[in-house]
Amino acid sequence: MATWHYVEDYVVCSFYLDHIGCWRSNMNIVMETLDRVGFGGRDKKSVKMRISNYEYLHTGYKGLSNVAKQ
């Protein structure tokens, strides 16, 4: 399961946006959701990395939060 399906990305991104301040402590929610929609084989480390990517995009130095200020 190397490449990410758009459904997986949608689930993970939605989870991140719903749990911005506490996503690390709620990983079970996103893993259960992925399992329900047919992507239960995705490794938890891979999901954490994907969420971290969204987090950096959202809050990072050149992330969306800084683009909005320009």
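Before any of the text, the structure's been laid out above.
Cut-offs applied
Residues numbered from 1 in each chain as written. Predicted model: local features only at pLDDT ≥ 70, side-chain atom pairs only at ≥ 80, totals over all residues. Heavy atoms only, no water. Phe/Tyr/Trp six-rings, centres within 6.5 Å; stacked < 30°, edge-to-face > 60°. Lys NZ or Arg CZ within 6 Å of the ring centre and 35° of its normal. Salt bridge = Lys/Arg side-chain N within 4 Å of Asp/Glu carboxyl O. Helix = DSSP H or I, 4+ residues; strand = E, 2+ residues; numbered from the N terminus. Buried < 20%, exposed > 50% of the residue type's maximum accessible area, 1.4 Å probe, protein only. Contact = heavy atoms within 4.5 Å. Core = buried A, V, L, I, M, F, W, Y, C linked by side-chain atoms within 4.5 Å.

So what's going on with the packing of aromatic side chains? Which residues, and what values?
Each pair of aromatic rings is reported with the distance of its centres and the angle of its planes. A full pass over the atoms with the stated rule returns 0 aromatic pairs. Just above the ring of Trp4 sits the side chain of Arg42; from NZ or CZ to the centre is 4.2 Å.

Can you tell me about the pattern of salt bridges, naming the residues and giving the values?
Tallied over the full model, the rule gives 3 salt bridges. Among the salt bridges present, the one from Glu8 reaches Arg42, with a minimum N-O distance of 2.8 Å. Taken together, the positions of Glu8 in helix 1 (residues 6-18) and Arg42 in the loop between helix 2 (27-36) and helix 3 (44-59) put the pair 34 residues apart, joining distant regions of the chain. Residue Glu8 is classed as buried on the basis of its relative accessible area of 1%. In this structure, Glu55 engages Arg24 in a salt bridge whose closest nitrogen and oxygen atoms are separated by 3.9 Å. Here Glu55 is found in helix 3, whereas its partner Arg24 is found in the loop between helix 1 and helix 2, with 31 residues between them in sequence. Its relative accessible area of 23% is what places Glu55 among the partly exposed residues.

So what's going on with the environment of Val47? Residues and values would help.
Summarising the element assignment, Val47 is placed in helix 3. C-alpha separation for the pair Val47 and Val30, spaced 17 residues apart in sequence, amounts to 8.5 Å. Filtering out sequence-adjacent residues up to four positions away, Val47 remains in contact with Trp4, Val12, Met27, Val30, Met31, Leu34 and Arg42.

Any details on the nonpolar core? Residues and values, ideally.
One finds Val12, Met27, Val30, Leu34, Val47 and Ile51 to be the most contacted residues of the largest nonpolar core, which totals 14 residues. Of all the elements in the fold, those that place two or more residues in this core are helix 1, helix 2 and helix 3. When near neighbours in sequence (up to four residues on either side) are disregarded, Val30 contacts Val11, Val12, Phe15, Val47 and Ile51.

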